[in-house]
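Below are the chains, spelled out letter by letter.
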Amino acid sequence: MRESPAVRWARRVVLTLLTVFTVLPLYVMVASSVKPLRDVQGAFRWIPTHVTVRPFIDMWHTVPLGRYFINSLVVSGSATVCSVIIAIFTGYAVSRYRFPGRGTFMTAVLSTQMFPGILFLLPLFLIFVNIDRYTGIALYGSRLGLIITYLTFALPFSIWLIAGYFDTIPRELDEAARVDGAGPMRTLFRVILPVAAPGVVAVAIYAFMTAWGEVLFASVLTDHSTRTLAVGLREYSNQGQVYWNEVMAASLVISLPVVVGFLALQRFLVHGLTAGAVKS
C-alpha cells in the first residue's frame, strides 16, 4: 500500500516532535555541564557565554563519585552475570522439557512483574535485618544485599525472554547433537547458546540497565560506603548550595556505560527482543 501525503506529513510531524522532545533536555544537560555555576544559577542561555570543563573535574571531588561508580559497576555487573546464568539454565529447561507445573511456573514468573517495586521494599528490609540478626550475614547496607535485590527483579523477565528465544530455535539441533553423543549440558553450551547469542545479550542488557539506574532500593538498602551512582547524585545538593553544573556533568558521565553498551549491542538487542517475544 502506498503512503498517502497526509499520512506522510503526519508521520514527519510526529517524529519531529519526538526528536525535539528527546534532544532538547539532552542539550540543556550538556549546555549546563560546561557552564560555571553562576551562569547555571542565572538566567538560562541557550548558547553558553563561558565554556569550561571544570565541572567534569570538580564532580569527582565534591562527592566520592569514584567509589559510587565502582559500587554501581560491581552491583550491576554481578547482578547481570547471575541473572544471565540462572536465566539460561532455567529457560533451557522450560523450553526443552515438559514437566508437571511448567505452565504454572511460567505464569508465576511472569505475574511477578505486575507488582510495583515499592511493595517489596519493607519486606526485603525486614528480611535482610533478620538474616543479619540470626546468621550474622550482613545483607543490609552491603553490595551483596543489593545484588540479590536486583537479581530478584531482573530474573523473572530474563527467564521469560530467554525461554521464548529458545523456543524459536529448532529442536532438530538438539536431536542432531544427541545423535552425535552430546548430553544436555554439552548441547546447551556447544549448540544452543551460540545460536541464542542475541537473546543472551538482550537479557544481559536488560538486567544491567535495570540495576544501573535503580534508585528506590539503593536509597534504602545501602549506606554511605555502598551507595550507588543513582543515589549518590543527590549529594551534589546540600543545605546551602546545589551544584547544578556538576550534577549535569555527572549525569552525562554515568550514562556513558549504558549508552555505549546499547549502541554497540543494539542489533543483538533488537533481534533478541523480537525473536523472544513471539514463540513458535
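Residues numbered from 1 in each chain as written. Predicted model: local features only at pLDDT ≥ 70, side-chain atom pairs only at ≥ 80, totals over all residues. Heavy atoms only, no water.

Under an unreviewed UniProt entry, the name given to the chain is Carbohydrate ABC transporter permease, and the organism recorded is Actinoallomurus acaciae. Under Sequence similarities (unreviewed entry), UniProt gives the following word-for-word description of the chain: "Belongs to the binding-protein-dependent transport system permease family." Regarding the chain, the UniProt comment filed under Subcellular location (unreviewed entry) reads as follows: "Cell membrane". (UniProt positions renumbered as here; feature names shortened; annotations may be inferred.)

### A short note on the UniProt feature "transmembrane region" (unreviewed entry) in the chain
According to UniProt, the feature "transmembrane region" (unreviewed entry) maps to residues 12-30, 68-93, 105-131, 143-166, 187-209 and 247-265 in the numbering used here. Secondary structure across residues 143-166 comprises 100% helix and 0% strand; the distance between its end C-alpha atoms is 32 Å. With 96% helix and 0% strand, residues 187-209 has its two end C-alpha atoms placed 30 Å apart. (Helix = DSSP H or I, 4+ residues; strand = E, 2+ residues; numbered from the N terminus.)

### Here's the deal with the confidence of the model for the chain
This prediction gives the chain a mean pLDDT of 85; 94% of its residues lie at or above 70. Helix H14 (residues 266-277) is the least confidently modelled element of the chain, averaging 56 in pLDDT, while helix H4 (residues 65-96) averages 92, the highest of any element. Predicted confidence is poor over residues 276-280, with pLDDT under 50, and the contacts of this stretch with residues over four places away or in other chains come to eight contacts. (pLDDT = per-residue confidence, 0-100. Contact = heavy atoms within 4.5 Å.)

### Some thoughts on the pattern of salt bridges
Taken as a whole, this structure holds three salt bridges when the rule is applied. Asp58 is the salt-bridge partner of Arg54, the closest N and O atoms lying 3.0 Å from each other. Taken as a pair, Arg54 and Asp58 lie in helix H3 (residues 54-62) at a separation of four residues, close to a single helical turn. Residue classification places Arg54 among the partly exposed residues on the basis of a relative accessible area of 48%. For Asp58, a relative accessible area of 23% puts it in the partly exposed group. Here Glu235 ties to Arg227 by a salt bridge, and the two come within 2.5 Å at their closest N and O atoms. For Arg227, a relative accessible area of 15% gives the class buried. (Salt bridge = Lys/Arg side-chain N within 4 Å of Asp/Glu carboxyl O. Buried < 20%, exposed > 50% of the residue type's maximum accessible area, 1.4 Å probe, protein only.)

### Some points on the environment of Tyr236
Checked against the element boundaries, Tyr236 lands in the loop between helix H12 (229-232) and helix H13 (244-264). Measuring from C-alpha to C-alpha, the distance between Tyr236 and Ala250 comes to 9.7 Å, with 14 residues separating the pair along the chain. When neighbours within four sequence positions are excluded, Tyr236 is seen to be in contact with Met59, Thr62, Val63, Leu65, Gln241, Val242, Tyr243, Glu246, Val247 and Ala250. Polar side-chain contacts of Tyr236 include one of 2.7 Å to the backbone oxygen of Met59. (Polar contact = N/O pair within 3.5 Å; in protein donor to acceptor, adjacent residues only side chain to side chain.)

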